[in-house]
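Here is what each chain is made of, one letter per residue.
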Amino acid sequence: MAAAMLTRRTVLAGLSAPLFPQVATAQAGEVRWSTGSEKPRFVPPAGATDCHFHTYDKNYPIAKGATLLPDDALPDDYRALQRRIGTTRGVIVQPSTYGTDNRLQIASRQALGAENFRVIGVLAEDISNAELRRLDEQGVRGVRFNLGFPGVLTVNSLPTLAPRLADLGWHCQINMRPKQIEDNADLLASLPGRLVFDHLAQVPQPAGVESAPYKIIRGLLDRGKTWVKLSGPYVSSKQGAPDYADAGAVATAYVKAAPERMVWGSDWPHPSERDNKPDDARLFDLFAQCAGDDIVFKRILVDTPAELYGFPKVEP
């Protein structure tokens, strides 16, 4: 741990120069669905957790009406990303591609190692209590409401399912368009249990931190029961690659407001970026800079995921 933090401090000391000056870095090898082959310059601490990625496998049936249909992205492919970035834990998120059939993500958890991985599923509103308990035993810790895409769950599903999920200690993971956040601000504030917003809550650009959706999410953060994933900057960025500076400003503002309720996710294999896959090492370094210091860096990568997803505590 001390060595990792020393490496981070050394890197931070050099960041008074323009972003990402040319420096020598170790080669990690190529990763499917990711650009580049270098390791990140920031070294993650023990127990670092990638809180948002997906697996895809053409052997599993696709949901009717699914619009995102990536090629296979298998557990072994993800292992290569872990070796490159240096994470050891992860949260596998059910994509819209498979509807309420969570078998692939659960099988991927087993393939990757059940102790170090959890699952966010998608469930029908009328799911039985027995099935909820069974999924809990299989490592599911929340339900994704991917409301920007066609699917079985809608905004109206939130008040139906949220109390049942809260009773289990699960959370509602929400992916909403900015206008949906504005239209449902009162509903979001009224929901019981924990809320986790994907991809910086899709705060729109160029308004960024001055936008209504950002202010709504900040209000939810201030109430103490909402978390935000520092993931997918390309979802909302107008400035774009390689540095996504506008989305980075939103991430930095979130971290400053509530560092204890931030988590990080790679969003690998970047299903929304069909033609131009990002450099995952660079994305990780951009996040690390938003974190600002070693204590927050570790909190976001290790401590908060352990609390939110039920991972064992990492001893110092």
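All values reported here derive from a predicted model rather than from experimental measurement.

Student: Any chance you could explain the overall build of the chain here in plain terms?
Tutor: When helices and strands are counted, the chain shows 11 helices and 8 strands. Over its C-alpha atoms the chain spans a radius of gyration of 18 Å, differing by no more than 12% from the 20 Å that the globule rule assigns to 316 residues. By its C-alpha atoms, the chain is 55 × 45 × 40 Å across when sized along the principal axes. Counting only residues that meet the buried cut, the chain has 53% of its 316 residues in that class. Contacts in the chain between residues far apart in sequence, at least 24 positions, make up 75% of those at least 6 positions apart. On the chain, roughly 13200 Å² of surface is accessible, and the fraction owed to carbon and sulfur atoms is 52%.

Student: Teacher, can you tell me more about unusual backbone geometry here?
Tutor: Apart from glycine, the bulk of residues carry a negative phi angle, and the bulk of peptide bonds sit in the trans form. A cis amide bond links Gln-205 with the next residue in sequence, Pro-206, at an omega value of 10°. Structurally, Pro-206 can be placed in the loop between strand E6 (194-197) and helix H8 (212-223). One non-glycine residue with positive phi stands out, namely Tyr-244, at about 45°. We classify Tyr-244 as buried; its relative accessible area is 9%. Even without glycine at this site, Asp-267 takes up a positive phi of about 60°.

Student: Before we go on, may I ask you to explain the pattern of salt bridges in this structure?
Tutor: Under the defined criterion, the tally for this structure stands at 13 salt bridges. Among the salt bridges present, the one from Arg-32 reaches Asp-77, with a minimum N-O distance of 3.4 Å. Within this pair, whereas Arg-32 is found in the loop between helix H1 (2-13) and strand E1 (49-53), its partner Asp-77 is found in helix H2 (residues 75-85), the two being separated by 45 residues in sequence. Classification of Arg-32 as partly exposed rests on a relative accessible area of 40%. In this structure, the salt-bridge partner of Arg-134 is Glu-131, at a minimum N-O distance of 2.5 Å. Of this pair, Arg-134 and Glu-131 both sit in helix H4 (residues 129-137), 3 residues apart, which is roughly one turn of the helix. Residue classification places Arg-134 among the partly exposed residues on the basis of a relative accessible area of 37%.

Student: Help me understand the pairing of strand E4 (residues 140-146), please; the structure alone is not making it clear to me.
Tutor: On a regular strand, each side chain points to the face opposite its neighbour's, so the side chains alternate between the two faces of the sheet. In terms of burial, E4 is largely enclosed, as 7 of its 7 residues are buried. As paired elements, strand E3 (residues 117-121) and E4 share 3 bridges and run parallel to each other. Its bridge partner lying in E4, Val-119 is registered against Val-140. In this fold, the crossover linking E3 to E4 by way of H4 has right-handed handedness. Across 5 bridges, the pairing between E4 and strand E5 (residues 171-175) is parallel. In the sheet register, Gly-142 faces E5, and the bridge partner there is His-171. One crossover worth recording links E4 to the parallel E5 by way of helix H5 (residues 157-168), and it is right-handed.

Student: Whenever I open this one, the sheet that holds E5 confuses me. Can you help?
Tutor: Pairing between the strands of a sheet is mediated by backbone hydrogen bonds and can be parallel or antiparallel. The parallel open sheet is built from 8 strands, whose spatial order is E1-E2-E3-E4-E5-E6-E7-E8. The two strands at the open ends of the sheet, each matched to only one other strand, are E1 and strand E8 (262-264). Adjacent strand axes in the sheet meet at a mean angle of 25° when their direction is disregarded. On the sheet, helix H3 (residues 103-112) packs against E1, strand E2 (89-93), E3 and E4 and is oriented at approximately 175° with respect to E3.

Student: Explanation requested: the packing of aromatic side chains in the structure shown.
Tutor: Both the distance between ring centres and the angle between the ring planes are used here to describe each pair of aromatic rings. For the coordinates displayed, the defined rule picks out 14 aromatic pairs. Each ring, one from Tyr-56 and one from Tyr-98, has its centre 6.1 Å from the other, and the planes form 40°; the classification is tilted. Taken together, the residues span a long stretch of sequence, with Tyr-56 in the loop between E1 and H2 and Tyr-98 in the loop between E2 and H3 at a distance of 42 residues. Judged by relative accessible area, which is 2%, Tyr-56 ranks as buried.

Student: Please explain the packing of H8 against helix H9 (residues 245-257) as it appears in this structure.
Tutor: The packing of two helices is summarised by the inter-axis angle and the distance between the axes. Put simply, H8 and H9 touch, their axes get as near as 11 Å, and they point 20° apart. Classified by the interaxial angle, the pair formed by H8 and H9 is roughly parallel. Relative to H9, the crossing made by H8 is right-handed. Taking contact as the criterion, the partners of Tyr-214, Ile-217, Arg-218 and Leu-221 in H8 are, on H9, Val-250, Ala-253, Tyr-254 and Ala-257.

Student: Even after reading the chapter, I still don't get the side chain of Asn-146, so can you show me in this structure?
Tutor: Summarising the element assignment, Asn-146 is placed in strand E4. Side-chain polar atoms of Asn-146 contact the side chain of Asn-175, separated by 2.8 Å. If sequence neighbours within four positions are ignored, Asn-146 has contacts with Ser-96 and Asn-175.

Student: What's the story with helix H11 (residues 294-309) in this structure? I'm lost.
Tutor: Note: α-helices contain 3.6 residues per turn, so residues at a spacing of three or four share the same orientation. The first and last C-alpha atoms of H11 sit 22 Å apart over 16 residues, in line with the 22 Å expected at 1.5 Å per residue. At Ile-300, H11 shows its largest bend, some 45°. Within the span of H11, buried status applies to Asp-294, Val-296, Phe-297, Ile-300, Leu-301, Val-302, Thr-304, Pro-305, Ala-306, Leu-308 and Tyr-309. For H11, the side-chain oxygen to backbone nitrogen distance between the N-cap and Ile-295 is 3.0 Å, and the N-cap itself is Asp-293.

Procedures and definitions
- Every chain begins its residue count from 1, and numbering advances along the sequence as written.
- Given that the model is predicted, a residue must reach a pLDDT of at least 70 before its local features are reported, and side-chain atom pairs must reach 80 or more before they are shown or counted; all residues, however, enter totals for whole chains, interfaces and linings.
- The basis for every side-chain value is the complete set of non-hydrogen atoms in the structure, without hydrogens or water.
- Each helix is a run of DSSP H or I of at least 4 residues and each strand a run of E of at least 2, with the numbering of both proceeding from the N terminus.
- The size measure is the radius of gyration over C-alpha atoms, and the globule rule it meets is 2.2 Å times the number of residues to the 0.38 power.
- Note on exposure labels: buried denotes an accessible area under 20% of the residue type's maximum, exposed denotes more than 50%, and partly exposed covers the range between, all computed with a 1.4 Å probe on protein chains only.
- Contacts: residue pairs with any heavy atoms within 4.5 Å of one another.
- Each accessible area is a Shrake-Rupley result for a 1.4 Å probe, and residues are judged covered by the shown protein chains and nothing else.
- We define a salt bridge as a contact between a side-chain nitrogen of Lys or Arg and a carboxyl oxygen of Asp or Glu at a distance within 4 Å.
- Any two strands with at least two DSSP bridges between them are considered paired.
- A crossover counts as right-handed when, viewed with the strands pointing away from the observer, the path leading from the first strand over the helix to the second turns clockwise.
- Lines are fitted to the C-alpha atoms to define the axes, a helix being fitted only along its stretch in contact, and any angle between axes, read from their N-to-C directions, falls within 0 to 180 degrees.
- Aromatic contacts are taken between Phe, Tyr and Trp rings whose centres are within 6.5 Å, Trp giving its six-membered ring; a plane angle under 30 degrees counts as stacked, one over 60 as edge-to-face, and the others as tilted.
- Should an angle lie under 35 degrees it is considered roughly parallel, over 145 roughly antiparallel, and from 65 to 115 roughly perpendicular; all remaining angles are considered oblique.
- The handedness criterion is simple: a crossing whose near helix is rotated anticlockwise from the far helix by less than a right angle is left-handed, and one whose near helix is rotated clockwise is right-handed.
- Here a polar contact means two N or O atoms within 3.5 Å. Within protein one must be a hydrogen donor candidate and the other an acceptor candidate, and residues neighboring in sequence count only if both atoms are side-chain atoms.
- One fewer than the residue count of a helix, multiplied by 1.5 Å, yields its expected span.
- Two axes are fitted around each residue, one to the seven residues ending there and one to the seven starting there, and the angle between them is reported as the bend at that residue.

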